[in-house]
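Summary of the model geometry
Here's the letter readout for the chains.
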Amino acid sequence: MTGLHQFPIQARWFLLLWFVPQFYDPSQLLVDLYLADKFFPESLYSDESYLIPEYFFNFSYRFYNATRILLVLAFCFLITGTSVRPFLRPFESRLLVPGIEVTAFTYFASGALVYLCFFPLSFLTPNFVQFWLIELPDIIHRVNGELKFWPNFLSLVSLSVLAPITEEFIFRGVLLQRWGSKYNSEIAILLSSAVFASLHTDPFGAFIFALLMCLLTVRSGSLILPILCHSLYNGSIWILELLFEIATPEAPRYSMADFHNEWPWAILFCTISACWALRLKGLLPAFSNWKIPVLYTQNK
């Protein structure tokens, strides 16, 4: 893409939009207070504020952050006169099955890389692994021991709808187009994937996932296929967690001991992903041939 008209939306604003709220966002507190006043007024203004469920603030952050990102995306596309239609053009149906296959591969590869990275670290720096990996927020929620519809439905929407749309538009949309027009396809793919990986708890698995979502963007010439595959990936994790909760309602919270006892799964995931990688190596194009499609046009 080098030499073409540079993509008009600058990457730095979306990087700031993503990073800064992780450390300082006074508006989030106002949103939390407003929503808590609407849904838990009796608990908020009493000594029983602890009765407000933890997932409430998690959902408040996710939905508010997604709304903010979508509004900024819409604003940037509008003021730069950039059409969003090319980003959402239909893709060839023959690409759906290969897209699902690489998505399934990333599930096993990500799992294998989590074990390979964090299993040794769990003995060297157990406190870090406990904080970084073991104590992740729940995606399936129980209220007084029961699986309630609305908290879990909102969790599913957040994971399989909001996250795929916002992340694909930023990382395989804005960042990929901007850096592809400024540098070249290889640098843009690697750089956008590295930034994506840095925002996830499993950076190596997330990097592989991002690379393959870039490939789907390259092959389909659209964000529709990576959005669908991203949604399928996140949704499958939610479903597996739900089935586990249904099957083991009395199971204690996931612990470091559970992680250590999963070493047979680590061997299985590593074996499957290694064999699958050998298969995909013969099917996927060489990285030098991953040329980013130009998805932007100027509105008249």
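Residues numbered from 1 in each chain as written. Predicted model: local features only at pLDDT ≥ 70, side-chain atom pairs only at ≥ 80, totals over all residues. Heavy atoms only, no water.

**Quick look at the packing of helix α5 (residues 96-124) against helix α6 (residues 126-134)**
In contact at an axis separation of 6 Å, α5 and α6 are set at 135° when each is read in the N-to-C sense. Our classification of the angle between α5 and α6 gives oblique. Contact with α5, carried on its side by V114, F118, L121, S122, F123 and L124, involves P126, F128, V129, W132 and L133 of α6 and no other residues of that element. (Axes fitted to C-alpha atoms, helices over the stretch in contact; angles between N-to-C directions. Helix = DSSP H or I, 4+ residues; strand = E, 2+ residues; numbered from the N terminus. Parallel < 35°, antiparallel > 145°, perpendicular 65-115°, else oblique. Contact = heavy atoms within 4.5 Å.)

**Some points on the side chain of T217**
Turning to its location among the elements, T217 is positioned in helix α9 (residues 203-220). A distance of 3.0 Å separates the side chain of T217 from the backbone oxygen of M213, its partner in a polar contact. Excluding residues within four positions of it along the chain, T217 makes contact with R172, L176, S222, L223, P226, P293 and L295. (Polar contact = N/O pair within 3.5 Å; in protein donor to acceptor, adjacent residues only side chain to side chain.)

**Thoughts on the nonpolar core**
Formed by 49 residues in total, the largest nonpolar core has its most connected members in F14 and F87. When residues of this core are assigned to their parent elements, the largest contribution, ten residues, is made by α9. Those residues in contact with F87, other than ones at most four positions away along the chain, are F7, F77, F169, G173, Q177, S222, L223, I224, L295 and Y296. If you look at the next biggest cluster of nonpolar residues, it comprises ten residues, including V114, L133, I134 and A266. (Core = buried A, V, L, I, M, F, W, Y, C linked by side-chain atoms within 4.5 Å. Buried < 20%, exposed > 50% of the residue type's maximum accessible area, 1.4 Å probe, protein only.)

**Some thoughts on the packing of aromatic side chains**
Counted by the stated rule, this structure contains 28 aromatic pairs. Measuring from centroid to centroid gives 5.4 Å for F77 and F87, while their planes differ by 85°, and the two rings are edge-to-face. Of this pair, F77 sits in helix α4 (residues 54-79) while F87 sits in the loop between α4 and α5; the two residues are ten residues apart in sequence, bridging distant segments of the chain. Residue F77 is classed as buried on the basis of its relative accessible area, which comes to 7%. Consider the rings of Y107 and F108, whose centres lie 5.5 Å apart with planes at 90°: the pair is edge-to-face. Since its relative accessible area comes to 22%, F108 is described here as partly exposed. The ring of F196 has R172 sitting right over it, with the charged end atom 4.6 Å from the ring centre. (Phe/Tyr/Trp six-rings, centres within 6.5 Å; stacked < 30°, edge-to-face > 60°. Lys NZ or Arg CZ within 6 Å of the ring centre and 35° of its normal.)

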